[in-house]
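# Architecture and fold: a report
Here is how the chains run, residue by residue.
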Amino acid sequence: MTAQDGLPLFSAPVDRAAELRALLHHHAHRYYTLDDPEIPDAEYDRLFRELQTLEAQHPELLTPDSPTQRVGGRVLDTLEPVRHRVPMLSINTETDTEPSGALKFDTRVRRALGLSDTDAPVEYVAELKFDGLAMSLRYEDGVLVLAATRGDGEVGEDVTHNLRTVKSVPLRLPAGVPPVLEVRGEVYMRRDDFEALNERQRARIAAGAKGEKTFVNPRNAAAGAVRQHDSAIAAQRPLSFFAYGLGEVTPSAQGGPQFTTHFDMLMQLKAWGFPVAEQTALAVGADALVAFHQRIGQARDQLPFDIDGVVYKVNSLALQKTLGFVTREPRWAVAHKYPAQEQMTQVLAIDVQVGRTGKLTPVAKLAPVFVGGVTVTNATLHNEDEARRKDVRVGDTVVVRRAGDVIPEVVSVVLPQQGTERGPMFIMPASCPVCGSAAVREDGEADHRCTGGLFCGAQRKQAILHFAQRRAVEVEGLGDKLVEQLVDGGLVKTLPDLYRLGFAALSQLDRMADKSAQNLMAALERSKQTTLPRFLFGLGIRHVGEATAKDLARHFGSLDRIMDAAQDQLLAVNDVGPVVAQSIRTFFDQPHNREVVEQLRACGLHWEEGAPAPVTSLPLAGRTFVLTGTFPTLSRDQAKERLEAAGAKVAGSVSKKTDYVVAGADAGSKLEKAQALGVTVIDEAGMLGLLADGLSATGAAST
Ligand code: IVH
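Residues numbered from 1 in each chain as written. Predicted model: local features only at pLDDT ≥ 70, side-chain atom pairs only at ≥ 80, totals over all residues. Heavy atoms only, no water.

A few words on the overall build of the chain. When its secondary structure is counted, the chain shows 25 helices and 24 strands. Computed over C-alpha atoms, the radius of gyration of the chain comes to 35 Å, more than 25% over the 27 Å expected from 2.2 N^0.38 for 703 residues, which places it beyond the range of a compact globule. When the backbone C-alpha atoms are referred to their principal axes, the chain occupies close to 90 × 85 × 65 Å. By residue count, 44% of the 703 residues in the chain fall in the buried class. Sequence separation of at least 24 residues holds for 66% of the intrachain contacts in the chain that already meet a minimum separation of 6. Separation of charge centres in the chain, based on 78 positive and 89 negative side chains, amounts to 3 Å. (Helix = DSSP H or I, 4+ residues; strand = E, 2+ residues; numbered from the N terminus. Rg over C-alpha atoms; globule rule 2.2 N^0.38 Å. Buried < 20%, exposed > 50% of the residue type's maximum accessible area, 1.4 Å probe, protein only. Contact = heavy atoms within 4.5 Å. Lys, Arg positive; Asp, Glu negative; His and termini not counted. Charge placed at Lys NZ, Arg CZ, Asp CG, Glu CD.)

Laid out in structure tokens, this is it:
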């Protein structure tokens, strides 16, 4: 301990320990609960280690509320049963996931309270329904003494050793709290913490660790952590906590906490340092409940943790008392669910689909299941590694997830009983399932690709659909059914073939009335007048999306200039990096792609072209400098910075390509080499002159 800490040099260990505990409590609350730290992590760690050292030297100073206890270490043989002093209730669940679910609850409450239609609306608190585990935290004289699971509501299990490791659970409360205070809430795992945990688990399994497994979902991982016998393990499974209610409370000498509503109680819990979800809101009347349900439903996928619904609670504690309970469920609260985002179903087959660029995607064909609000029959397995990592096999029962608008995916396999026969493990076929061309997986890539290019019917269909889509040249009415017929019937092999289709050929297709054929002919005709960005995007060059197509068009002004641009000219375009530039080059280096472009132009596709955008090149662009020795005014770094800002490249060694060597005092071998190669050598003043000239030159150019 030093005087720098602003503390007396010789404060007694007992005082310093108390002080450190208080400091650490304060900063942990700022960090974990308020998300607003006041000190850097390193400073927190330093205080933490100081307390650890002090406690190691003076074990009698170790208190149960010490933040050092959060790292865990207690190993129990069994979890002790705990009888709840105030039972832990459950909640009536409204399974009607439509807005009517909220209206029904309000109607029940109003009826039970004897309110008529003309009476004022009831005030509620709307909360999130966290998908974790209910927990009761008991504080005596402000110190956490017990954390218990819900169990059957009467008797739970003592999991204090594990809950102490949860950073957002206060171990000690501020002065003035009731002598006995039980806080009820939910312990849960954030989604990012869950992903990171599973990542670590996978690494362990890959490293050969025995008995390790990955977790199905955050709830499952949280449940496993809470019931650990070894709190050091729990400490490595990052849990979080939200408070939403009270259990036993004995009033303090001053008369106990003063609040008459559920909302004020939550605000009091927050003031005492408990995390209360920020979405918690007052809602007056049934319409406000419906609005809350809808608003949270839309935000659900963006929340950092899982919820399975919302909870409505009558705000007035007096009215709660009046309403009372039916069996174990309060009449004043209800859980209003959302459609489940995960369901179990069976894998009927694993198909391989071919994308526009030839990417092969394994797709699980599923027994139809209603999940996330729609019926799902397909779920992506992404690629071979994913399919094998999850070890999904035909016949398996799997957990399928569909959240928001994302593509449904297989989360995990529900493993059958040991000894049950399973199908073989998935392997990617060696050839494309559509055209039979070789399927290859390039080094460092996760995806297999069909090498068939436009020879592959699947790629051809996708390429045509891509070209004809609204954001590309837009051929109205050219949908996948039609493209399928055109490609399978051999009528369209390349994009220009589309424009050579005659009315006769079209009207002969299945379900193609004369009128539709005419409409399609007209749509094809309209699509001929397009824009350069649309046409470019429509070509389906890998990595060239709409935005890049626009940037390219703006930069070069004409298609020919783009087709002929060298790699480094492409790199000068906004947001075009080496991968995109290479992809564009590769595309236009293939004669058949140039041929397609020429034929499309010959078919009448046209667009307006313009001049290339003015090149705002920097004064020293393309010049290479080497710096050596010590300069009179600038440091080497400053000189380098100035040169680079003017567009120059600053290299480490001299070669024939070097334009200038800038030599200062004590210049060494680089200077000799420059002289030997005949490279121009200048001093700092010369360099500053070049910078100034360069700048005035641009100044002149821009006027
Ligand atoms: S209140 C008096 N509020 O849902 C009602 N419960 O059966 C006591 N849950 O296991 C519970 N979020 O773990 C309440 N905002 C919330 C909740 C919530 C999740 C869980 C709780 C309990 C179940 C209710």
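This is not the end of the story, as more comes after the structure.
A word on the site of the ligand. If you check the shell around the ligand, you find 14 residues, and the closest are Ile91, Glu127, Leu128, Glu186 and Lys313. At 3.1 Å, a backbone N or O of Phe130 approaches a nitrogen atom of the ligand. Expressed as a share of its isolated accessible area of 520 Å², the protein-covered part of the ligand is 87%. In terms of residue count, the dominant contributor to the shell around the ligand is strand β3 (residues 123-130) (four residues). Grouping the amino acids of the shell around the ligand by side-chain chemistry returns nine nonpolar, one polar and four charged. (Near = heavy atom within 4 Å. Polar contact = N/O pair within 3.5 Å; in protein donor to acceptor, adjacent residues only side chain to side chain. Areas by Shrake-Rupley, 256 points an atom, 1.4 Å probe, with all protein chains shown as cover. Nonpolar A, V, L, I, M, F, W, Y, C, P; charged D, E, K, R; others polar.)

Within the sequence span of helix α8 (residues 262-271), burial applies to His262, Phe263, Met265, Leu266 and Leu269. Angularly, the buried residues of α8 cover 160° about the axis, an arc narrow enough to put them on a single face. Its buried side turned inward, α8 meets β3, β7 (180-188), β8 (240-250), β9 (281-284), β10 (307-314) and α10 (317-323). Taken from the residues just after α8, Gly273 is the one with a positive phi, measuring 110°. (Arc of directions from axis to C-beta.)

Turning to the pairing of strand β4 (residues 133-140), a few remarks are in order. Burial within β4 is extensive, with seven of its eight residues counted as buried. Two strands pair when backbone bridges link them, and β4 and β7 are joined in this way by eight bridges, in the antiparallel orientation. Paired with Ser136 across the bridge in β7 is Arg184. One ladder, built from six bridges, connects β4 with strand β5 (residues 143-149); its direction is antiparallel. Each residue of the ladder has a partner; that of Glu140, found in β5, is Val143. Counting the residues between successive antiparallel strands, the hairpin from β4 to β5 contains two residues, one of them, Asp141, with a positive phi of roughly 50°. (Pairing = 2+ DSSP bridges.)

For the rest of this paragraph, the subject is the packing of aromatic side chains. Each aromatic ring pair is summarised here by two numbers: the centre-to-centre distance and the angle between the ring planes. Under the criterion given, the structure shown has 14 aromatic pairs. Between Phe130 and Tyr188, the aromatic rings sit 6.4 Å apart at their centres with planes inclined by 15°, giving stacked as the arrangement. Residue Phe130 is located in strand β3, and its partner Tyr188 is located in strand β7; the two are separated by 58 residues in the primary sequence. Each member of the pair, Phe130 as well as Tyr188, is classed as buried. Between Phe587 and Phe588, the ring centres sit 5.1 Å apart and the planes meet at 85°, which makes this aromatic pair edge-to-face. Three or more aromatic residues joined by ring pairs form one cluster here, namely Phe130, Tyr188, Phe242 and Phe305. (Phe/Tyr/Trp six-rings, centres within 6.5 Å; stacked < 30°, edge-to-face > 60°.)

This next bit is on the packing of helix α12 (residues 457-468) against helix α13 (residues 480-488). Put simply, α12 and α13 touch, their axes get as near as 10 Å, and they point 135° apart. In terms of orientation, α12 lies oblique with respect to α13. Between α12 and α13 lies a crossing whose hand is right-handed. Residue-level contacts link Gly457, Arg460, Lys461, Ile464 and Leu465 of α12 to Asp480, Val483, Glu484, Val487 and Asp488 of α13. For the contact of α12 with α13, a count of residues per class yields four nonpolar, one polar and five charged. (Axes fitted to C-alpha atoms, helices over the stretch in contact; angles between N-to-C directions. Parallel < 35°, antiparallel > 145°, perpendicular 65-115°, else oblique. Left-handed = near helix turned anticlockwise from the far one by under 90°.)

Here we come to the sheet that holds β5. Within the open sheet, the four strands sit side by side as β5-β4-β7-β8. Their pairing is antiparallel. In this open sheet, the two edge strands, each paired with only one partner strand, are β5 and β8. Each strand axis lies, on average, 25° off the axis of its neighbour in the sheet, ignoring direction. Along the sheet, helix α6 (residues 218-226) contacts β4, β5 and β7; its crossing angle with β4, the most-contacted strand, is approximately 40°. Of the strands in this sheet, β7 and β8 are in contact with α8, which crosses β8 at around 110°.

Attention now moves to the confidence of the model for the chain. Chain-level pLDDT for the chain is 88 on average; 94% of the residues reach the 70-or-more range. Long-range and interchain partners of residues 1-8, a stretch whose pLDDT sits below 50, account for 11 contacts in this model, where long-range means more than four residues apart. Within the model, the stretch residues 697-703 combines pLDDT values under 50 with two contacts to residues more than four positions away or in other chains. (pLDDT = per-residue confidence, 0-100.)

A few words now on the sheet that holds strand β24 (residues 680-682). Sheet architecture is open: four strands sit in the order β22-β21-β23-β24, paired in parallel fashion. The open sheet is flanked by β22 (649-651) and β24, the only strands paired with a single partner. Averaged over neighbouring strand pairs, the angle between their axes works out to 30° when direction is ignored. Sheet analysis places strand β23 (residues 660-663) next to β24, joined by three bridges and oriented parallel. From the neighbouring strand, Tyr660 faces β24, where its bridge partner is Thr680. With respect to the sheet, helix α23 (residues 636-645) is in contact with β21 (624-628) and β22, its orientation differing from that of β21 by roughly 170°. Contacting β21, β23 and β24, helix α24 (residues 669-677) crosses the sheet at an angle of about 140° to β21.

What follows is about the nonpolar core. In this structure, Leu478, Tyr499, Phe535, Leu552 and Phe588 are the most contacted members of the largest nonpolar core, which totals 52 residues. Considering each element in turn, this core owes the most residues, five residues, to helix α21 (residues 578-589). Other than its neighbours up to four places away in sequence, Phe535 contacts Phe467, Val473, Thr530, Leu559, Val597, Leu600, Leu605 and Trp607. Counting 38 residues, the second largest nonpolar core, distinct from the first, contains Val159, Phe194, Ala225 and Trp272. (Core = buried A, V, L, I, M, F, W, Y, C linked by side-chain atoms within 4.5 Å.)

Let us now look at the state of the cysteines. Under the defined criterion, the tally for this structure stands at zero disulfides. Here Cys432 is not disulfide-linked; the sulfur of Cys450 is the nearest cysteine sulfur, at 3.6 Å. (Disulfide = S-S within 2.5 Å.)

All right, on to the environment of Ser90 then. Mapped onto the elements, Ser90 comes out in the loop between β1 (81-83) and β2 (93-94). Judged by its relative accessible area of 23%, Ser90 falls in the partly exposed class. In sequence terms Ser90 and Arg150 are 60 residues apart; their C-alpha atoms lie 9.5 Å from each other. Setting aside residues up to four positions removed in sequence, Ser90 forms contacts with Arg150, Arg328, Glu329 and Pro330.

So, on to α12. With 12 residues, α12 extends 16 Å between its outermost C-alpha atoms, agreeing within 8% with the 16 Å of an ideal straight helix rising 1.5 Å per residue. Burial analysis of α12 places 10 of its 12 residues in the buried class, which makes it a mostly covered element. Here α12 has its buried residues at Gly457, Ala458, Gln459, Arg460, Lys461, Ala463, Ile464, His466, Phe467 and Ala468. Those residues of α12 that are buried are in contact with β14 (342-354), β20 (448-450), α13, α14 (495-500), α17 (532-538) and α22 (591-602). (Expected span 1.5 Å × (residues − 1).)

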